[in-house]
Amino acid sequence: MTQPGIDWEDAYRQETPPPWSIGAPQPELARLIEQGKIRGEVLDSGCGHAALSLALAERGFTVVGLDASPTAIAAAVAAAAERGLTTASFAQADMTTFTGYDGRFDTVIDSGLLHALPIDGRRPYIQAIHRASAPGAELFILAFATRPFGGDAPGPNGFTADELRDTVATCWTVDEVRPAKLYGNDNPADGAGGPASAPGVERDGAGHIVMDGFLLSAHKDPVPRAP
């Protein structure tokens, strides 16, 4: 949940958690878990501090969390060990080029990574997670809508519903794109001019800012597509 070109490692080395690290799965994704939409072995793509991975492992899922930041991965490993969660594992990876998991995952979850990638990294990323998925795998992507903080505020460009659908449909069969909300830490004092300090930002009363986005659901075809 940040603008393209961010230094991920620097973001996770700060004293306060980055805005997107809210200490729990995004509510939209937590609902998917409650609804029984997650199945099999899971890839938490761009896991960060891995609240989602840990929540899934607590329910007995086998989860692999990948992230570009070694600091985030070290924190995730420590949190899993502290909770005695043996079905969650973590590794540092460039999410646009990672390999070594071909055909492995039954569910892939992206909690705000795609919209943070540089535009030229989006297609390689979509291809990388497709390659790592088993035939018939499910994909869920939570992403910002267009300019979620307003036209002049810093932050990602986000997507229209059609842009998000078209980006993912290069590899996946898209089933649904629906409006959704993304939550971030409400830290208006951290970085004047950031999204939390912008006028009119929606708040939930529990220490979070709330932003418009989309939840995309897709699946990998059971057999390869014809060229």
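For the structure, see preceding data.
Conventions used here
Residues numbered from 1 in each chain as written. Predicted model: local features only at pLDDT ≥ 70, side-chain atom pairs only at ≥ 80, totals over all residues. Heavy atoms only, no water. Helix = DSSP H or I, 4+ residues; strand = E, 2+ residues; numbered from the N terminus. Buried < 20%, exposed > 50% of the residue type's maximum accessible area, 1.4 Å probe, protein only. Contact = heavy atoms within 4.5 Å. Areas by Shrake-Rupley, 256 points an atom, 1.4 Å probe, with all protein chains shown as cover. Arc of directions from axis to C-beta.

1. What to know about the overall build of the protein
Okay, step 1: If you tally the helices and strands in the protein, you get six helices and eight strands.
Okay, step 2: Across the protein, helices and strands are ordered from the amino to the carboxyl terminus as α-α-β-α-β-α-β-β-α-β-α-β-β-β.
Okay, step 3: Burial status across the protein gives 50% buried among its 227 residues.
Okay, step 4: Counted over contacts in the protein with a minimum sequence separation of 6, partners at least 24 positions apart contribute 72%.
Okay, step 5: Surface accessibility of the protein: about 10,200 Å² in total, with carbon and sulfur atoms responsible for 51%.

2. Re helix α6 (residues 161-168)
Okay, step 1: Of all the residues in α6, the buried ones are L164, T167 and V168. Down the axis of α6, the buried side of the element spans an arc of 90°, and every buried residue falls inside it. Residues of α6 that are exposed and point over 90 degrees away from its buried face: D162 and D166.

3. A short note on helix α2 (residues 27-34)
Okay, step 1: Every buried residue of α2 is listed here: E28, L29, L32 and I33. For α2, the angular spread of the buried residues around the axis is 145°, confining them to a single face.
Okay, step 2: On its buried face, α2 sits against α3 (51-58), β4 (105-111), β5 (133-144), β6 (173-185) and β8 (208-219).
Okay, step 3: Trailing α2 by a residue or two, G36 shows a phi angle of about 75°, which is positive.

4. Here we look at unusual backbone geometry
Okay, step 1: Of note in this structure, A50 is not a glycine but carries a positive phi near 70°.
Okay, step 2: Looking at A50, the relative accessible area reads 1%, which means it is buried.

5. Quick word on the environment of G205
Okay, step 1: Within the element layout of this structure, G205 appears in the loop between β7 (202-203) and β8.
Okay, step 2: On the basis of relative accessible area, G205 is assigned to the exposed category, the value being 82%.
Okay, step 3: Between the alpha carbons of G205 and D186 there is a distance of 9.6 Å; along the sequence they are 19 residues apart.

6. Description of the environment of Y101
Okay, step 1: Along the chain, Y101 turns up in the loop between β3 (88-92) and β4.
Okay, step 2: On the accessibility criterion, Y101 (17% relative accessible area) is buried.
Okay, step 3: Once residues within four sequence positions are removed from consideration, Y101 is found in contact with V64, L66, A91, R131 and A132.

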